[in-house]
There are 4 protein chains.
Amino acid sequence: MTNSQFEYVRKFELPDMCLPNCWPIVRIDGKNFHKFSHKHEFEKPNDARALKLMSRAAQEVMNGMVDVVLAYGQSDEYSFVFKKSTTSFNRRASKLSSLVVSQFASAYVFHWKSFFPDKELLYPPAFDARTVLYPSDKNLRDYLSWRQVDCHINNLQNTTFWALVHSGLTPTDAQERLKGTLASDKNEILFAQFGINYNNLEQIFRKGTVVIRDKKKPQTFQPAATAGEAKENKRTERGKKQIPTPLLELHVDVIKDEFWKIYPHLLDP
Amino acid sequence: MTNSQFEYVRKFELPDMCLPNCWPIVRIDGKNFHKFSHKHEFEKPNDARALKLMSRAAQEVMNGMVDVVLAYGQSDEYSFVFKKSTTSFNRRASKLSSLVVSQFASAYVFHWKSFFPDKELLYPPAFDARTVLYPSDKNLRDYLSWRQVDCHINNLQNTTFWALVHSGLTPTDAQERLKGTLASDKNEILFAQFGINYNNLEQIFRKGTVVIRDKKKPQTFQPAATAGEAKENKRTERGKKQIPTPLLELHVDVIKDEFWKIYPHLLDP
Amino acid sequence: MTNSQFEYVRKFELPDMCLPNCWPIVRIDGKNFHKFSHKHEFEKPNDARALKLMSRAAQEVMNGMVDVVLAYGQSDEYSFVFKKSTTSFNRRASKLSSLVVSQFASAYVFHWKSFFPDKELLYPPAFDARTVLYPSDKNLRDYLSWRQVDCHINNLQNTTFWALVHSGLTPTDAQERLKGTLASDKNEILFAQFGINYNNLEQIFRKGTVVIRDKKKPQTFQPAATAGEAKENKRTERGKKQIPTPLLELHVDVIKDEFWKIYPHLLDP
Amino acid sequence: MTNSQFEYVRKFELPDMCLPNCWPIVRIDGKNFHKFSHKHEFEKPNDARALKLMSRAAQEVMNGMVDVVLAYGQSDEYSFVFKKSTTSFNRRASKLSSLVVSQFASAYVFHWKSFFPDKELLYPPAFDARTVLYPSDKNLRDYLSWRQVDCHINNLQNTTFWALVHSGLTPTDAQERLKGTLASDKNEILFAQFGINYNNLEQIFRKGTVVIRDKKKPQTFQPAATAGEAKENKRTERGKKQIPTPLLELHVDVIKDEFWKIYPHLLDP
């Protein structure tokens, strides 16, 4: 039995190389996470454990794919920015997105118990992924700004909604109360009715999470190495040993220039 | 803070719809599974537990994606055949492959302990994935034949190699011994030297695993429902309740016509 | 001066190979031909000279590209069907469409004077083109049926419209008269008011034009060879001499089975 | 007869929009122009009439497609640079390349007699085309530099080769004489043996041709308007009347910064 008469089917796999000199970004999104978060009784409006588990999974991705220079996450989504000049997997879009999303999903399940020690994972979640290309640094920054503004808008909405619900309103009434309100109205409701100053809420909820490799600063976050993992980190994709750059987990503004001035190597490695 | 000035970045995500009237196949492959199997001390040449875990993860995929009509797996790879006319996720190639591969990876970790109760999972594995289109039924069958012949060739090679190694040869010597041998030579080595009749080896090793939805036959395999899972199975992607078609796990020849005569609904739903 | 520092720009040209085992069809369409036909005073509703010039240009394409098995044209459009297994230009979609459309356009201008000896070509026209893939023979036939039904619908509409205009109605009034009419109404107007039996109109207007290579029948149409052209025809793309198969120009139904029974080699070369 | 049962075939035409914020370049190349130039007895090493006809055709393209900001041509090829932000034809790659290449080819035939009044066009030529995207201004400039260096290398080679042939060497001997020679060797052969100072040769041969729209300078080149053409120029694709910007035909260096400083609007419209 040989394979010669069937091997022609290989030719149906067509190339999908990313255009050179563009920033490849892989964004992953939880599939049906509304239900997933409900089943697992995530705290509302934000569950810090769930967000930290997402970031832990993101770090697993970054440990395995050295050309990811930055990851940004909020809610049930995470974006992974590959360096513009990456040649990982010959820049094949499907390789980049599938390896990112499968590593993310398997790490999410693997680390679940560290973040939810008292809660059983009921079923394994899925995530979708896509690779998108951004030609200029401005496009890249605008992409990240888009996701961070989205985080802010959703968080302000959710925070106000759940404050109303926790105060006794039905979800329908809370929805009704918020219909047509502007950001300023929501801030006012939070402050006047619940004594909450939105700007004092935790940064992780308002800004999301940025993970970068800090080449200059001391390591501020190092997840406890899981069995066998410490050794993994020391090898690049090509098998050469190297000391992994420590990962920094930040909850900061990425819209204004300041962040990019502190970490200029992100745009110009 | 509004998103209006950043939302233009959405337009960089380009459509990637699969050509209509073709069979979309998503094939996933373990990343660095040579090392993964070594670290986890998989039995050689085949570890039945590892293969069954792969199939368990494949079934999780099929339970979540009702348009997968058949899956075929061997070694550290699995192929998922979507029905030709599927409109799932608007036939977007990246959606199909990312949801398959992330569900597979998360399920692999989730079900690990059921198949390796005595062995800790050391780190979460990754898989790559691609979507390939096959226009005709013959192309589809040839694709599956290609994978099954590949299974056979590798298994005969590995079985002979490990028989030699287990008999005392070094891996290098075993490699040397097999250099240039034909299938008939390997069969002969197995039989003459080790009393092994290759054709009597377990079908799962020689044929790999086919998973289909059996619409006519009684259910022969039903994995123990994990917590929360039973209920999940009852809902399609669109949220309508339905009784899931039981999944059949087979270790049979898919190259000859017989299989396709028994299950004609696979090609003509 | 060497090119070494600039040659990297080649890598930005990405592959665009057609999926194997599909019928590639290149359809070209006249750009702004409403104006073009007005400027050149084409006869209404149909100008036989213009249609024949289109077909002459299509034959130039078929003489230069031996893997085009059939072309179908009507109005200011022409579709070129490449054989399913073509490897011309490595099946690169942009090569197929650009060579077809540029050869068509240059031939249109080149042969203009043979079809419009008394009318000067005022400016060189442009055509757009796209390559579309059809996986099955049924899809291919349905594509051609789609174009032929379109020919019929437009021709019935235009014939009735211009009969009304030629009888003295303003274009606006003619438009108004036809608003909401069915095919049967138009047939009735033509017959009752103008004594025209639509089914007796010339086939070229009602059916469009099919060009094929007839391998069995005697040649019924051979355009007068232009200077230098006769010799060209004898060479394939790869430079081997060959006697070109004569081209047949037909005005027949391609929707029903009959056509495909007479010329079975078209679908099964 | 309606089209409803066939119209599904439209869905097989997949979108091919160019990534935003990239420079789309359509490059066209003559098909079999070695033979074409031989048949039409083009002067060697360069035929000024043929080069000027190419540029005339390029201008026809630019007159019809207002978003082409620059065209560069040499030998039998021409590149058309669309503005980065163009939304012409929804940035569909196949539309851009097919309209450019068909307009170019039809104009080439249309204007032949103006440039070769004494030589009959023997057959209509074809051109291939592709759309390539360049993300940054540097990439765009490097692309044009790549083509202009290519022009220089080929021209120096051809000039020396034909000087040798015209002096009596057979083509084979001339080829042999040039084997392994560097640019400096060729310059030396030209000067020592034929008294030719390469740098004194006409710019059009050494630099190729750049066509731009000059928004500041007086018009230096205006092709004689062909019948009906003058009026055409006054209309944009969308039909609004406008005075066309005059086209400038230049034979200058586009590699160094100077050109880009004189015409800064090319990169920053």
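The shown structure was predicted, so the numbers you read here are calculated from the model rather than taken from an experiment. (Residues numbered from 1 in each chain as written. Chains lettered and ligands numbered in written order. Predicted model: local features only at pLDDT ≥ 70, side-chain atom pairs only at ≥ 80, totals over all residues. Heavy atoms only, no water.)

(A) Structural detail: the relation of the copies chain C and chain D. Here chain C sits on chain D after a turn of 180° about the axis and a move of 0.0 Å along it, with an RMSD of 0.0 Å. In the structure described here, the two chain copies are related by an operation that fits a two-fold rotation axis. Looking at the interface residues of chain C, 100% of them are also at the interface in chain D, so both copies use one shared face. (Least-squares fit on C-alpha atoms with pLDDT ≥ 70 in both. Contact = heavy atoms within 4.5 Å.)

(B) Summary view of the UniProt feature "binding site: GTP" (unreviewed entry) in chain A. Residue and element names in this part refer to chain A. UniProt tags Asp29, Gly30, Lys31, Asn32, Phe33, His34, Ser75 and Asp76 as "binding site: GTP" (unreviewed entry). In sequence the annotated residues extend across 48 residues, while in space they remain close, none of their C-alpha pairs exceeding 12.5 Å. Assignment of secondary structure puts Gly30 in strand S1 (residues 23-30). By relative accessible area, which is 16% here, Gly30 ends up buried. Apart from residues no more than four positions distant in its own chain, Gly30 is found in contact with Asp76, Ala126 and Phe127. When its relative accessible area of 18% is taken as the criterion, Asp76 is described as buried. Residues within four places of Asp76 in sequence aside, it is in contact with Ile28, Asp29, Gly30, Phe33, Met54 and Phe127. (UniProt positions renumbered as here; feature names shortened; annotations may be inferred. Helix = DSSP H or I, 4+ residues; strand = E, 2+ residues; numbered from the N terminus. Buried < 20%, exposed > 50% of the residue type's maximum accessible area, 1.4 Å probe, protein only.)

(C) Spotlight on the pairing of strand S4 (residues 127-134) of chain A. Residue and element names in this part refer to chain A. When you tally the buried positions in S4, you get seven out of eight residues, the bulk of the element. Sheet analysis places S1 next to S4, joined by eight bridges and oriented antiparallel. Each bridged residue has a counterpart across the sheet, and for Ile25 the counterpart in S4 is Val132. (Pairing = 2+ DSSP bridges.)

(D) Fine view of the pattern of salt bridges. Residue and element names in this part refer to chain B. Here the structure, examined in full by the defined rule, presents 80 salt bridges over all chains. Between Arg56 and Glu60 there is a salt bridge, with its nearest N and O atoms 3.3 Å apart. Placement of the pair is Arg56 and Glu60 together in helix H2 (residues 48-64), with a separation of four residues, close to one helical turn. Summarising the burial analysis for this pair, Arg56 and Glu60 share the class buried. (Salt bridge = Lys/Arg side-chain N within 4 Å of Asp/Glu carboxyl O.)

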